[in-house]
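# Topology and contacts: notes
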Amino acid sequence: MQRRDKLIEAGLVLSSELSLPAILRRLVELAMEITNARYGALGVLGPHGTLEEFIALGISDEERRAIGDPPVGHGLLGLLITEGRPIRVSSISSHPKSVGFPPHHPHMTSLLGAPVRSRDRVFGNIYLTDKIGADAFTDEDEDALLVLAAQAGVAIENARLYEEARRRERWLDAAREITTAILSRSEPDEGLGLIARRARELVEADIATVSIPVPGTHELIVKVADGAFAEELVGKTFPIEGSISGEVVQTGAAVVVANIANDPRAYQPIVRLGNMGPAVLVPLSSHGRAFGTLLAANLRGGRAFADEDVHLLQTFADQAALALEYGRAQLEHQRLLVLEDRERIAKELHDGVIQSLFAVGMGLQGAALASDDEELSKRIEGAVAELDRVIRDLRNYIFGLRPGILADRQLDQALRRMGEEFQQRSGVVTVVDIDSEVAAELASRAADLVQLARESLSNVGRHAEASTCRVTLYRNGDSAVMEIDDDGKGFDVASARRGDGLTNLESRVEALGGALSIESAPSQGTTVRISLPLQSGIA
């Protein structure tokens, strides 16, 4: 009657507890009390059928430290895992499956074990050793332990459901907070930092990072990090090839690693910097294509991640991708607003101010022609020339307001920038020599000149095998001349096949009313010369 009362009381105690760690510890304590065992332990099974967690009572902290690592499920413990039924042994050392005890482990004789089931799945196993006052555990002990294990299974399931409900509530709160942060037009990095922090908290990880591509390279950068070693990790770059993040980007599939420090696929400098152990990486995807990763990791020796953690992280990764996309869309929207405003100003200047100045200039030219006073005519012509300069400056300003490489820069600045970009891209040393006054006079044809220079440089990069290249713009009488010459392998102009590049150049120059000449010979380099008439007077 006393044992039955204890079991009823145990059931009430277990069902009143909602904390899973507290339930597991309390289960071992009650089992030891009801069966009068000296030692008790509970092993929680991991996804691969080994012991992921081990709670031991009856030994001191000093003894636990002396024993070292907890068991993983070999010997008699492994037998209970594989068979999934109660085991009762009077002499542990005499059993054929016994593998002995590690050094400094207390001597134990009798054993009673039973599986603990939760939702038709073996959650773990409870182990009792050394019945006090007897050589072995009895049938009644085994029956009592089975009842207790069944009660514990129900309590564990309740605790899990409670924890799942709490986690879902936290997830909803986090999702709401992140969505608000994204839609409030905060900086993208702020949204990413919040995502990393919330993801780390919900999967109970030590570290969380978001890594995205570095533009123009084959590398990823740790854009944000939260948790242990966050400051050390932020801003670090690593290759897409030769890293698990790169594999996730290329395959678009999540990767779970038991110990990333021992994984040959991992980029170990980053792993060592974060002292990472168990890890899970999920892709950041946009329009069905992965471009970055969200990583959650525990420190070495920490808890491994479960399937539900992967699912949760993938949800946060989707939100991170949304934050990045929204941030880019916001920046693009702002850029378009600026460009629209620039176009409006440019149109007003061209259709209003320039036409008015043009009319004034034409009137002054007529007055100069009608005047018999030579000195007055010279002064009027000087004013007309000054108006011509003002109109050129205004046109240059208008083109500076337009999008593309000419935005925010004049023609000479655009050509210099193009030369720098070509040198960086091709490795060909590129010198740019521009007459700024000639460039100002060509402002109305700046877009065409930029395109001609781009086409010519593209031909140098593709065909010339040059080490140096020069772009010049200068005045030659009433014409402006732009030359692109290189010291490459050259070719026979007369016998060369005419490709699309040369045809495009000729068509563009002809449309501008100019002339194109190409000088080249094998091993002598190539010079592309474009001559354009300069406009005179008010125009």
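Calculation criteria
Residues numbered from 1 in each chain as written. Predicted model: local features only at pLDDT ≥ 70, side-chain atom pairs only at ≥ 80, totals over all residues. Heavy atoms only, no water. Helix = DSSP H or I, 4+ residues; strand = E, 2+ residues; numbered from the N terminus. Buried < 20%, exposed > 50% of the residue type's maximum accessible area, 1.4 Å probe, protein only. Areas by Shrake-Rupley, 256 points an atom, 1.4 Å probe, with all protein chains shown as cover. Pairing = 2+ DSSP bridges. Axes fitted to C-alpha atoms, helices over the stretch in contact; angles between N-to-C directions. Phe/Tyr/Trp six-rings, centres within 6.5 Å; stacked < 30°, edge-to-face > 60°. Contact = heavy atoms within 4.5 Å. Core = buried A, V, L, I, M, F, W, Y, C linked by side-chain atoms within 4.5 Å. Expected span 1.5 Å × (residues − 1). Parallel < 35°, antiparallel > 145°, perpendicular 65-115°, else oblique. Left-handed = near helix turned anticlockwise from the far one by under 90°. 1 Å grid on protein atoms, 1.4 Å probe; cavity = no way out; pocket = protein on both sides within 12 Å on 5 of 7 lines; lining within 4 Å. Points joined across faces, edges and corners; volume = space filled by probe spheres on them. Nonpolar A, V, L, I, M, F, W, Y, C, P; charged D, E, K, R; others polar. Salt bridge = Lys/Arg side-chain N within 4 Å of Asp/Glu carboxyl O.

## Overview of the overall build of the protein chain
Within the protein chain, the secondary structure is distributed over 15 helices and 16 strands. A burial count over the protein chain gives 43% of its 539 residues as buried. A total of about 28300 Å² of accessible surface is found on the protein chain, and carbon and sulfur atoms cover 51% of it.

## Structural notes on the sheet that holds strand β11 (residues 289-299)
Strand order across the open sheet formed by six strands is β8-β7-β6-β11-β10-β9, with antiparallel pairing between neighbours. Both edges of this open sheet fall to β8 (237-239) and β9 (255-257), since each of them pairs with a single strand only. Across the sheet, the axes of successive neighbouring strands diverge by a mean angle of 25°, strand direction being ignored.

## Looking at the packing of aromatic side chains
A complete count under the given rule lists one aromatic pair for this structure. Centroid distance F238 to Y267: 6.3 Å. Interplanar angle 25°. Geometry classified as stacked. One end of the pair, F238, is in strand β8; the other, Y267, is in the loop between β9 and α9 (268-274), with 29 residues separating them in the sequence. The class of F238 is buried, set by a relative accessible area of 6%.

## As for the pairing of strand β4 (residues 111-118)
Among the eight residues of β4, seven are classified as buried, and the element is accordingly described as predominantly covered. Note: strand β3 (residues 87-89) against β4, three bridges, orientation antiparallel. By the bridge assignment, V89 is partnered in β4 with L111. By the bridge criterion, eight bridges tie β4 to strand β5 (residues 121-131) in an arrangement that is antiparallel. Considered in β5, the bridge of R117 is made with V122. From the end of β4 to the start of β5, which pair antiparallel, there are two residues, and R119 there has a positive phi angle of about 55°.

## Comments concerning the sheet that holds strand β14 (residues 479-486)
Read across the open sheet, the five strands follow the order β12-β13-β14-β16-β15; overall the sheet is mixed. At either end of the open sheet lies a strand with only one pairing partner, and these are β12 (429-434) and β15 (515-520). Each strand axis lies, on average, 10° off the axis of its neighbour in the sheet, ignoring direction. When β15 meets strand β16 (residues 526-533), the two strands line up antiparallel, connected through six bridges. For L516, the partnering residue across the bridge sits in β16 and is I530. Of the strands in this sheet, β12 and β13 (468-476) are in contact with helix α12 (residues 411-426), which crosses β12 at around 175°.

## Description of the nonpolar core
In terms of nonpolar packing, the biggest core is built from 33 residues, with L411, L442, L452, L473 and M482 touching the most fellow members. Within the residue set of this core, elements represented by two or more residues are α12, β12, α13 (436-441), α14 (446-464), β13, β14, α15 (500-511) and β16. Top element by residues in this core is α14. It accounts for eight residues. Among all residues touching L473, those that are not within four sequence positions of it are L411, L415, D433, I434, D435, V438, A439, L442, V481 and M482. If you look at the next biggest cluster of nonpolar residues, it comprises 28 residues, including V44, V116, L128 and A155.

## Here's the deal with helix α2 (residues 20-35)
The end-to-end C-alpha distance of α2 is 23 Å, a good match for the 22 Å that 16 residues give at a rise of 1.5 Å each. Every buried residue of α2 is accounted for by I23, L24, L27, V28, L30, A31, M32, I34 and T35. In the stretch just after α2, N36 is the one whose phi turns positive, near 60°.

## Structural notes on the packing of α12 against α14
For the pair α12 and α14, interaxial distance at closest approach is 10 Å and the crossing angle is 20°. Classed by the angle they form, the pair α12 and α14 counts as roughly parallel. Crossing hand, α12 versus α14: right-handed. Across the interface between the two elements, L411, A414, L415, M418 and F422 from α12 touch A446, L449, V450, A453, R454, L457, V460 and G461 from α14.

## Observations regarding empty space enclosed by the protein
Remark: the empty space left among the atoms is shown by a probe the size of a water molecule rolled over them. Counted according to the given criterion, the structure contains three cavities of 30 Å³ or more. Within this model, the largest cavity holds a volume of roughly 160 Å³. What lines the largest cavity is a set of 17 residues, among which F238, S245, I270, L281 and L295 lie closest to the centre. Broken down by secondary-structure element, the contributors of at least two residues to the lining of the largest cavity are β6 (207-213), α8 (244-251), α9, β10 (276-286) and β11. Of the residues belonging to the lining of the largest cavity, the class tally is twelve nonpolar, five polar and no charged.

## Comments concerning the pattern of salt bridges
This model, assessed by the stated rule, comprises 18 salt bridges. In this structure, the salt-bridge partner of E247 is R265, at a minimum N-O distance of 3.2 Å. Here R265 lies in the loop between β9 and α9 and E247 lies in helix α8, a separation of 18 residues in the sequence. E483 serves as the salt-bridge partner of R529, at 2.6 Å between the closest nitrogen and oxygen. Pair noted here: R529 is in strand β16 and E483 is in strand β14, with a separation of 46 residues, a long-range link. The class of E483 is buried, set by a relative accessible area of 12%. Shared partners join several salt bridges into a network, and the residues in it are R25, R26 and E29.

## Structural notes on α8
When α8 is considered as a whole, its buried residues turn out to be I244, S245, G246, V248 and V249. Of the surrounding elements, those touching the buried residues of α8 are β7 (219-227), β8, β9, β10 and β11. Two residues or fewer after α8 comes G252, characterised by a positive phi angle close to 70°.

## Side note on unusual backbone geometry
Its identity as a non-glycine residue notwithstanding, D130 has a phi of 55°, on the positive side. With a phi close to 55°, E465 is a non-glycine residue in the positive phi region. You can call E465 exposed: its relative accessible area is 66%.

Geometric descriptors of this kind do not, in isolation, establish any biological role.
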